Amino acid sequence: MANSVCDVRLYNIFVLGLAFMFIFTAFQTCSMAEKAVLTSAYNGTFEGNGYTSLGIIYAVFGVSNWGAPSFVSFAGPKVSMVFGSTLYFVFILSFLKPMVWALYAGSALVGIGAAILWTAQGNFLTINSESATIGRNSGIFWALLQSSLLFGNMYSYFVFRGEDTISDSSRTHLFIGLSGAGLLGILLLLFLRKKRISSSDDSIVSLNASQEGSSGSTEVNVKVQPSATQAPDLPLTALKRAFQLLRTKEMLVLSVAFAYTGLELTFFSGVYGTCIAQNKHFGEDRKGLLGISGMMIGAGEIIGGGAFGLFGKRTNKFGRDPIVVLGYFLHMAAFYISFINLPMDSPIQETDGPTYFESSVVLALLCSFLLGFGDASFNTQIYSLIGFVFSEDSSPAFALFKFVQSVAAAVAFYYSNVLLLKWQLVILVAMGTGSVMCFSAIEWDATRHARSGYQPIGETSS
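Residues numbered from 1 in each chain as written. Predicted model: local features only at pLDDT ≥ 70, side-chain atom pairs only at ≥ 80, totals over all residues. Heavy atoms only, no water.

**Considering the overall build of the chain**
Then step 1. The number of helices and strands found in the chain is 15 helices and 3 strands.
Then step 2. When burial is assessed residue by residue, the chain has 61% of its 462 residues classed as buried.
Then step 3. Contacts in the chain between residues far apart in sequence, at least 24 positions, make up 84% of those at least 6 positions apart.
Then step 4. When the accessible surface of the chain is summed, it comes to about 17,400 Å², and 67% of that surface belongs to carbon and sulfur atoms. (Helix = DSSP H or I, 4+ residues; strand = E, 2+ residues; numbered from the N terminus. Buried < 20%, exposed > 50% of the residue type's maximum accessible area, 1.4 Å probe, protein only. Contact = heavy atoms within 4.5 Å. Areas by Shrake-Rupley, 256 points an atom, 1.4 Å probe, with all protein chains shown as cover.)

Right under this line is the structure:
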């Protein structure tokens, strides 16, 4: 029976990863190319802005995360993921014939769909994991998810290769293919199976928020409970727990790390590719380099996800924080390369402005790989830490992670319209440094209390 349960769980993790791979083959390729595509649409006369669209997505995403746990509790993770991914599909379709109102309305719909999709994904991942498998499962999912960057950007490279300006026909060819990938991902979600519950099936160590008397303070405790005893949350209960978790010391401190992942997400998924595509020093093939850069980011994500997930027992031997520190140093190297290799105004406009060294395609693509590997280092360990610490409240905890991440990403997309590259890099360096310190503090605290048994880890901040 135990082997059967494990087989269903592992099957679900692989199917979940494959579904997200196709869904985000569509969306991540779209987000990386959106600024360049819309700038060229209708011979450069289209008035919609790619950064503004992405900013709307993440702003609505952040707000919608407050209601997402309630929706997931009501509909269940599988139905929620199908619904959320359908809204992504509608957004991708809108690029076949861009219209300003459809672009921004579709962006808002994606924001709602993203909150539901990612909250349900986090809940489903935790349901199908144990303390011994949460790192492995997070890595498997992350590697499959980021494979989308390889396939989608490979396709965009062949579509845009040799084009100085992206034609309407090339845009149509790209988004027909991306729409098909998105639809396939939705269909794969229908093949997810319900986990069978075994009497020996133990949940992973969790933080359980419980009200304490009439004082209204929240105490966060570590304890191990059989998952079979956990009753499903009512929608309003899930929303209440989200507010309770937000007030805890652990969630407040981790929010710094969550915010950094949002800022660096904006940089590698929207800004960095735009900088390459608008750097005239790279010649007529610079639009095609956008796709190669995306593939290198994907390669870094896949190798990082595999190294820290599939071989998690070895890489996590000394804890999660060394992996996050590695990701930090890789990101600092990538930011320095970007600073010396790209014109300062490249995030904003087509430019042949000065650089500290002659712009190098090799350095640009190395930087792409470092950005992807570093992102995998941060995200796999954050997923693992949330699943380890907040498993009983996984739905609201993952919703809060995505709330903070998406608000930070929205802010970053808006300032990307006006700030030169060097100032964006200064913000990333400062937030990256703070995120490593905060993550390490909570990792050490959670591990210490888990080893000592059922003890309070933190209290609600006043």
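There's plenty left to go through after this.
**Some remarks on helix H4 (residues 77-93)**
Then step 1. The terminal C-alpha atoms of H4 lie 25 Å apart, and with 17 residues this matches the ideal 24 Å at 1.5 Å per residue to within 8%.
Then step 2. Among the residues of H4, those classed as buried are Pro77, Ser80, Met81, Val82, Gly84, Ser85, Leu87, Tyr88, Phe89, Phe91 and Ile92. (Expected span 1.5 Å × (residues − 1).)

**Side note on the side chain of serine 147**
Then step 1. Of note, serine 147 is situated in helix H6 (residues 134-160).
Then step 2. The contact partners of serine 147, leaving out residues within four places of it in the chain, are Met21 and Ile302.

**Focus: the pattern of salt bridges**
Note that side chains of opposite charge can pair when their charged atoms are close.
Then step 1. Counted according to the given criterion, the structure contains 3 salt bridges.
Then step 2. For glutamate 130, the salt bridge goes to arginine 9, with nearest N and O atoms at 2.8 Å. With glutamate 130 in the loop between helix H5 (100-127) and H6 and arginine 9 in helix H1 (residues 2-44), this pair connects stretches of sequence that are 121 residues apart.
Then step 3. Of the residues examined, glutamate 130 reaches a relative accessible area of 24% and is grouped as partly exposed.
Then step 4. The salt bridge partner of glutamate 250 is lysine 249, with a shortest N-O separation of 3.9 Å.
Then step 5. The exposure class assigned to glutamate 250 is buried, which follows from its relative accessible area of 1%. (Salt bridge = Lys/Arg side-chain N within 4 Å of Asp/Glu carboxyl O.)

**Some words on the packing of aromatic side chains**
Then step 1. According to the stated counting rule, one finds 24 aromatic pairs in the structure shown.
Then step 2. Ring centres of phenylalanine 24 and tryptophan 118 lie 5.4 Å apart, and the angle between their planes is 50°; this geometry places the pair in the tilted category. Taken together, the positions of phenylalanine 24 in helix H1 and tryptophan 118 in helix H5 put the pair 94 residues apart, joining distant regions of the chain.
Then step 3. With a relative accessible area of 4%, phenylalanine 24 lands in the buried category.
Then step 4. Taking 6.3 Å as the distance between ring centres and 45° as the angle between the ring planes, the aromatic pair formed by tyrosine 58 and phenylalanine 61 counts as tilted. Separated by 3 residues within a single helix, tyrosine 58 and phenylalanine 61 lie in helix H2 (residues 50-64), roughly one turn from each other. Per residue, the accessibility class of tyrosine 58 equals that of phenylalanine 61, and both read buried.
Then step 5. A connected cluster of aromatic rings, assembled from ring pairs, spans Phe20, Phe24, Phe27, Tyr88, Phe91, Phe95, Trp118, Phe141 and Phe175.
Then step 6. Here arginine 193 stacks its cationic end above the ring of tyrosine 11, 5.3 Å away from the centre of that ring. (Phe/Tyr/Trp six-rings, centres within 6.5 Å; stacked < 30°, edge-to-face > 60°. Lys NZ or Arg CZ within 6 Å of the ring centre and 35° of its normal.)

**Focus: the confidence of the model for the chain**
Note that predicted coordinates carrying low pLDDT should not be read in detail.
Then step 1. This prediction gives the chain a mean pLDDT of 80; 81% of its residues lie at or above 70.
Then step 2. Here strand S2 (residues 217-223) stands out as the element of the chain with the lowest mean pLDDT, 33, in contrast to H4, whose mean of 95 is the highest.
Then step 3. Here residues 454-462 scores under 50 on pLDDT; set against residues more than four positions off or in separate chains, the count is 33 contacts. (pLDDT = per-residue confidence, 0-100.)

**Observations regarding the packing of helix H3 (residues 68-75) against H5**
Then step 1. In contact at an axis separation of 9 Å, H3 and H5 are set at 60° when each is read in the N-to-C sense. Between H3 and H5, the angle is such that the two are oblique. Helix-helix and strand crossings are classified by hand; for H3 and H5 the assignment is right-handed. Listed contacts from H5 to Ala68, Pro69, Phe71 and Val72 of H3 are Ala115, Ile116, Thr119, Ala120 and Asn123. (Axes fitted to C-alpha atoms, helices over the stretch in contact; angles between N-to-C directions. Parallel < 35°, antiparallel > 145°, perpendicular 65-115°, else oblique. Left-handed = near helix turned anticlockwise from the far one by under 90°.)

**Here we look at the side chain of serine 338**
Then step 1. By the element assignment, serine 338 lies in helix H12 (residues 321-341).
Then step 2. With relative accessibility at 1%, the residue serine 338 sits in the buried group.
Then step 3. Setting aside chain neighbours within four positions, we find serine 338 in contact with Phe267, Tyr272, Cys367, Leu421 and Leu425.

**Points about the environment of leucine 425**
Then step 1. As for its placement among the helices and strands, leucine 425 is situated in helix H15 (residues 421-452).
Then step 2. The exposure class of leucine 425 is buried, given its relative accessible area of 4%.
Then step 3. What leucine 425 contacts, discounting residues up to four positions off in sequence, is Phe267, Phe335, Ser338 and Phe339.

**Here's the deal with the nonpolar core**
Then step 1. Phe20 and Trp118 are the most contacted members of the largest nonpolar core, which totals 119 residues.
Then step 2. Sequence-distant contacts of tryptophan 118, that is, excluding residues within four places in its chain, are made with Phe20, Phe24, Phe61, Tyr88, Phe141, Leu145, Tyr383 and Lys402. (Core = buried A, V, L, I, M, F, W, Y, C linked by side-chain atoms within 4.5 Å.)

**What about H3?**
Then step 1. Turning to H3, its buried residues are Ala68, Pro69, Ser70 and Val72.
Then step 2. Immediately beyond the C-terminal end of H3, within one or two residues, lies glycine 76, with a positive phi of roughly 90°.

**Digging into the packing of H4 against helix H7 (residues 168-189)**
Then step 1. Between H4 and H7, the least distance of the axes is 9 Å, while the angle of their chain directions is 170°. By the angle between their axes, H4 is roughly antiparallel relative to H7. Note on element contacts: H7 touches H4 through Phe175, Leu178, Ser179, Gly182, Leu183, Ile186 and Leu189, opposite Lys78, Met81, Val82, Ser85, Thr86, Phe89, Ile92 and Leu93.

**Details of a nonpolar patch on the surface**
Then step 1. Together, Leu183, Leu184, Leu187, Leu190 and Phe191 give the surface a local cluster of nonpolar side chains, amounting to about 460 Å² of exposed area.
Then step 2. Mapped onto the secondary structure, leucine 190 falls in the loop between H7 and strand S1 (206-212).
Then step 3. Owing to a relative accessible area of 47%, leucine 190 belongs among the partly exposed residues under this scheme. (Patch = residues over 30% accessible without salt bridge, like charges linked within 9 Å, V, L, I, M, F, W, Y side chains within 5 Å.)

**Remarks on the environment of arginine 9**
Then step 1. Looking at arginine 9, the relative accessible area reads 5%, which means it is buried.
Then step 2. Remark: the alpha-carbon pair of arginine 9 and serine 129, spanning 120 residues in sequence, is separated by 7.2 Å.

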